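# Tertiary structure, described
Now for the letters of each chain:
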Amino acid sequence: MNGNGNIVLDASVNQAWEGLFDPEILEKCMMGCKKLSLVGENTYLAELKIGVPPVSGKYNSTIVTEEVEKLKTYRLTIKAEGDSGGVEAISLINLDSESIDKTNLSYSFEATVSGKASKVSDKILRGVGKLLIQDFFKKFGKELKKAYTV
């Protein structure tokens, strides 16, 4: 499964970049995130409880940022194991300045699903993936406004 998209954030590139590496902001944006911890340089552990069929259940995830080019791009590797199976995903995140206070964030990803969840049709999994991504970025935009609005 793969996909891509973009969103314009009401934040400077610097603010968007800082938010993308802030565990407190990220924890609030990940659907069903019970805990997100920075456990090493560019490595996070997340405990999730997803309530969206057919991937409902608890998941433990490792999230690693690599190939970081500050304020521009990085690769995000996610490995999650849980009640409904597992997911391995690689995503490229890119930031471009639209203006002093607007940033275009674009992303692309490739993901593989294993276990019970892999038996679900690709169309349904794409729908769930799209829902999770859209929910994350909607919340991320709101959290950036909260964090950087005086």
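Residues numbered from 1 in each chain as written. Predicted model: local features only at pLDDT ≥ 70, side-chain atom pairs only at ≥ 80, totals over all residues. Heavy atoms only, no water.

### Details of the pattern of salt bridges
- Per the counting criterion, the structure on display carries eight salt bridges.
- With its nearest N and O atoms 3.9 Å apart, the salt bridge here joins E69 to K72.
- Salt-bridge contacts for D135 lead to K139; the nearest nitrogen and oxygen are separated by 2.9 Å. Placement of the pair is D135 and K139 together in helix α3 (residues 122-148), with a separation of four residues, close to one helical turn.
- A residue is classified by how much of its surface remains accessible, and D135, at 18% relative accessible area, is buried.
- The class for K139 is partly exposed, based on a relative accessible area of 29%.
- Several salt bridges converge on common partners, so that one network encompasses D10, K102 and K145. (Salt bridge = Lys/Arg side-chain N within 4 Å of Asp/Glu carboxyl O. Helix = DSSP H or I, 4+ residues; strand = E, 2+ residues; numbered from the N terminus. Buried < 20%, exposed > 50% of the residue type's maximum accessible area, 1.4 Å probe, protein only.)

### Topic: unusual backbone geometry
- The phi angle at N42 is positive, at roughly 65 degrees, despite the residue not being glycine.
- Along the chain, N42 turns up in the loop between β2 (33-40) and β3 (43-50).
- Notably, L71 is not glycine yet its phi reads approximately 70 degrees, a positive angle.
- Residue placement: L71 occurs in the loop between β4 (57-69) and β5 (73-82).

All quantities given are derived from atomic positions and should not be read as evidence of function.
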